[in-house]
Amino acid sequence: GFKRWGSGHFGAGADGFVNVQPLADGREIRIMDVVNESLGMGLKAPLVIRFQDLLRHRVTQLNECFRKAIKEEGYDGEYRGVFPIKVNQLREVVDEIVEAGKEFGYGLEAGSKPELMIALAMHEGTERLIICNGYKDHDYIRLALLGRKIGKKIIIVVEQLAEVDDIIAISEEVGVKPLIGFRAKLQTRGEGKWSSSTGDNAKFGLNTAEILFATEKLRAAKLTQCVKLVHFHIGSQVPNIITIKNAVVEATRFYCQLVKMGFPMGFLDCGGGLGIDYDGSRTNFESSMNYTMAEYARDVVANIRDICVASNVAVPDIITESGRAVVAPHSMLVVEVFERINKRETLGVQHQPKVKHKVVTDLELLLKNKAKLGKLERFHDAIQKKEESFSLFNLGYLDLENRAAAESLYWQVCEQIAKEIRDSGYVPEELQDLNALLADQYVCNFSVFQSLLDHWALKQLFPITPLHRLAEKPSVNAILVDITCDSDGKISTFIDLQDTKDHLPLHPLNNKPYYLGVFLTGAYQDIMGDLHNLFGRVNEVHVFLEPDEPNGFYIEEALAGSRVSDVIDGVQYQWEELCRKMKAQIDAATKKDLVKPREGVRLVEFYEEQMRSKTYLNIERTPKKKP
Ligand code: PLP
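Source: prediction; values computed, not measured.

Attention now moves to the UniProt feature "domain: Arginine decarboxylase C-terminal helical" (unreviewed entry) in the protein chain. Within this structure's numbering, the places UniProt gives as "domain: Arginine decarboxylase C-terminal helical" (unreviewed entry) are residues 564-617. End C-alpha atoms of residues 564-617 are separated by 11 Å, and the span's content is 72% helix alongside 0% strand.

Attention now moves to the nonpolar core. By size, the foremost hydrophobic cluster in this structure holds 146 residues, and its most contacted members are Cys132, Ile155, Ile156, Ala251 and Val334. Residues from two domains meet in this core; each of domain 1 (45-322) and domain 2 (332-341 + 436-564) gives at least three. The residues contacting Ile155, other than those within four sequence positions of it, are Leu129, Ile131, Cys132, Leu179, Ile180, Gly181, Lys228 and Leu229. Membership of the second largest hydrophobic core comes to 15 residues, among which are Phe379, Val413, Ile417 and Ala418.

So, on to the site of the ligand. In the neighbourhood of the ligand, 16 residues make up the surrounding shell, with Ser236, Gly272, Glu321, Gly323 and Arg324 lying closest. Here the shell around the ligand is composed, by residue class, of five nonpolar, nine polar and two charged.

Bringing the sheet that holds strand E3 (residues 29-30) into the picture now. Pairing in this open sheet of three strands is antiparallel, and the strands run E1-E2-E3 from one edge to the other. Where the open sheet ends on each side, the last strands, each with one partner, are strand E1 (10-12) and E3. Sheet topology places strand E2 (residues 18-20) next to E3; two bridges connect them, and they run antiparallel. Across the sheet, Val20 pairs through a bridge with Ile29, a residue of E3.

Next up on the list: the sheet that holds strand E8 (residues 153-158). Strand order in the open sheet formed by eight strands is E5-E6-E7-E8-E9-E10-E11-E12, with parallel pairing between adjacent strands. Looking along the sheet, the strands with just one partner apiece sit at the ends: strand E5 (82-84) and strand E12 (317-319). Across the sheet, the mean angle separating the axes of adjacent strands is 25° when strand polarity is ignored. In the sheet, strand E7 (residues 129-132) pairs with E8 via four bridges, with the strands oriented parallel. When the sheet's bridge partners are listed, Ile130 is paired in E8 with Ile154.

This part takes up helix H2 (residues 31-40). Three- or four-residue spacings in an α-helix give side chains the same orientation, since the helix completes a turn every 3.6 residues. All of the buried residues in H2 are Ile31, Met32, Val34, Val35 and Ser38. Buried residues of H2, seen end-on, are gathered within an arc of 155° and therefore sit on one face of the element. Those residues of H2 that are exposed and aimed more than 90 degrees away from the buried face are Asn36 and Gly40. Looking one or two residues past H2, Gly42 carries a phi angle of roughly 85°, positive in sign.

Moving on to the domain arrangement of the protein chain. Interface size is commonly expressed as the accessible surface area that is lost when the partners come together. The domain boundaries assigned to the protein chain delineate domain 1 (45-322), domain 2 (332-341 + 436-564), domain 3 (355-434) and domain 4 (565-611). Centre-to-centre, using C-alpha coordinates, domain 3 lies 51 Å away from domain 4.

With that out of the way, let us pick up the packing of helix H3 (residues 52-72) against helix H10 (residues 293-311). Contact pair H3 / H10: the axes reach a minimum separation of 8 Å and the direction vectors enclose 45°. Viewed along their axes, H3 and H10 adopt a mutual orientation that is oblique. Regarding H3 and H10, the two cross each other, and that crossing is right-handed. Note on element contacts: H10 touches H3 through Met293, Ala294, Ala297, Arg298 and Val301, opposite Gln61, Leu62, Cys65, Phe66, Ala69 and Ile70.

Further remarks concern unusual backbone geometry. Omega for the peptide link from Ala45 to Pro46 comes to 5°, which places this bond in the cis form. Although it is not a glycine, Ala24 adopts a positive phi angle of roughly 50°. Turning to its location among the elements, Ala24 is positioned in the loop between E2 and E3. A residue is classified by how many C-beta atoms lie within 10 Å of it, and Ala24, with 16 of them, is partly exposed.

Before going further, it helps to spend a moment on the pairing of strand E4 (residues 47-51). Counted residue by residue, E4 has five buried out of five residues, so it is predominantly covered. Burial along E4 is two-sided: Leu47, Ile49 and Phe51 facing one way and Val48 and Arg50 facing the other are all buried. Strand direction decides the pairing type here: E4 and strand E13 (residues 331-341), joined by four bridges, are antiparallel. Opposite Arg50, over in E13, you have Ser331 as the bridge partner.

Counting buried positions along strand E19 (residues 514-518) yields five of five residues, so the element is predominantly enclosed. Residues of E19 alternate between two faces, with Tyr514, Leu516 and Val518 on one and Tyr515 and Gly517 on the opposite face, all of them buried. Bridge count between strand E15 (residues 464-466) and E19: three bridges; the pairing is antiparallel. Each bridged residue has a counterpart across the sheet, and for Thr465 the counterpart in E19 is Gly517.

In this section: helix H13 (residues 358-368). Residues of H13 that are buried: Val359, Val360, Leu363 and Leu366. Down the axis of H13, the buried side of the element spans an arc of 115°, and every buried residue falls inside it. Those residues of H13 that are exposed and aimed more than 90 degrees away from the buried face are Lys358, Thr361 and Lys368. On its buried face, H13 is in contact with helix H14 (375-394) and helix H15 (400-423).

Reading guide: rules and limits
Once a new chain begins, its residue numbering starts again from 1 and follows that chain's sequence as written. The model is predicted, so local features are restricted to residues of pLDDT at least 70 and side-chain atom pairs to those at 80 or more, both for listing and for counting; the totals for chains, interfaces and linings are taken over all residues. UniProt positions are given in the numbering used here, feature names are shortened, and annotations may be inferred rather than shown by experiment. Secondary structure elements are taken from DSSP: a helix is a run of H or I of four residues or more, a strand is a run of E of two residues or more, and numbering for both begins at the N terminus. Working definition: the nonpolar core is a set of buried Ala, Val, Leu, Ile, Met, Phe, Trp, Tyr and Cys residues, joined through C-beta atoms within 7 Å. Remark: C-beta atoms are placed from the backbone, and a residue is labelled buried if 20 or more other C-beta atoms sit within 10 Å of its own, exposed if 12 or fewer do, or partly exposed between those counts. The domain boundaries here were taken from an automatic or database domain assignment. Residue pairs qualify as contacts under a 7 Å threshold applied to their C-beta atoms, which are placed from the backbone. The rule is simple: place the C-beta atom from the backbone, and if it lies within 6 Å of a molecule or strand, the residue is near it. When residues are sorted by character, Ala, Val, Leu, Ile, Met, Phe, Trp, Tyr, Cys and Pro go into the nonpolar class, Asp, Glu, Lys and Arg into the charged class, and all the rest, Gly among them, into the polar class. For two strands to be treated as a pair, DSSP must find no fewer than two bridges joining them. Axis lines are fitted through C-alpha atoms, for helices just across the contact stretch, and the angle between N-to-C directions can take any value from 0 to 180 degrees. The directions from the helix axis to the C-beta atoms are what the arc is built from. The cut-offs work like this: below 35 degrees is roughly parallel, past 145 is roughly antiparallel, 65 to 115 is roughly perpendicular, and the gaps in between are oblique. Each crossing is labelled by how the near helix is turned from the far one, with a counterclockwise turn of less than a right angle marking it left-handed and a clockwise turn marking it right-handed.

This is how it looks when you write it as structure tokens:
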């Protein structure tokens, strides 16, 4: 599937390794080389790798798509895109985007006071835009006006009618004229997982009546000349281009009406929503998109122009707040599989009770006489017998040996049926989940809640592949489970390219490190991850192409993940205090002669050393013995 979701950046070589081409220009980096170099620096998986050149590439691509569309459509305005900081606030990410966006006048968008404080400081010069969205207290507005005072083009987008009074009062207090926009609550319904961002019940924006009230208030305050922008946002990851076209048309109508009412205007802000084709299907399914970035740019430009021309209104400069599309591809998560939970290994070996209960012999018959009954009938019979065996056990009529034998036989029947399904075309509905049920669980050293929150919260799909051994045929169907003590901490739905949506075809483990890459994780995941089970931030490396080597790279920055002491401090303990308490208890145990003094000292040292260790498992491999 690399060709489908990889946008020319990701692929596998004949040597079985996954490569990335950050600039899609033929220069490629073997991702395992980055993993190995990171290991050499003491940074084990879980590991986030950021390909900084890819980030730059996306900024350039977005701006060039709009420049091209504007040229081709003969559009009389400019593209004045802004990056919404909330999609990835990390300094290195924002730094790179600001730098890459210099030549395009690419600005920033803030959705909160802390984000505005970043935007104000990181934003260079006075030409690029800063768009202020979100709920605003007085200080947020004061900060925006501070920016105005020093000449920045900061536009405050009104999301709630009450903000208008605040803006009027505070601009008088500060003595500077604001630049103002309105966020319109469009009737065009969004589509996809984030569609509630618009419509009557959206928590943001002004309805038509509120926009009119707002204009009256501003007129009365003699701030008519400050109204510059109409904004809309119909939700992130809009899968269908038709939805985008409709929203652009509706918002442009608002724009033209405001111009005709005598407001100077000048900007139309189409918000975010430009998607990423996570599953590579190029469809209007939630994890995909049925359009390209170039098509998006053309449609935005052409629709605005058509409505403005028909309304006899000069076209505005176009803003988009595309976040996901700019940052998602640049980063990936590397996880190490270290364990396989496999029903077959233990349940496939049948326990032989000294005296077999009838339920066990019945199941044995079912397994032997597969030709007699159909798949579905055998499945039903096996379920019945398994449940019967559990009831018998609970009532005290079945011993442990017979229960173990019944469980093994049940799984063997299921496996037999699953094999037949794989070889036949039609699968009855009840049997469709059998493959998932029988799939192995590959235990990976990471936390879904820290690193892939949208998968847990919204069932968002990310492409996942092994980073090596791709020249070997994968022979194990597996789902992935993380190391949190939470049964939700798993990945059991995958992008569906060859009927593999409920499992991933993987390689058998061979007691050597086995690495998987989770791709396109650069948007939202970094900041939304939480500390469930106190698994903290993961290690991180920032990779650049080496200019003078054809396929070389260098790690410009390496950030060590959280230590146990960091996360413990984050929940209001003090690690030093915990160490003191532990030492006191070990000292007391020494006095009672439970431990020898020398051992006591070692135990204290070990406890303190663990405070400084990383929060994820420190994998040490022990040779396995067969059960
Ligand atoms: N602008 C606003 C107002 C948003 O709420 C969002 C996110 O939902 C964005 C921009 C970024 O959207 P996307 O990441 O889909 O480009």
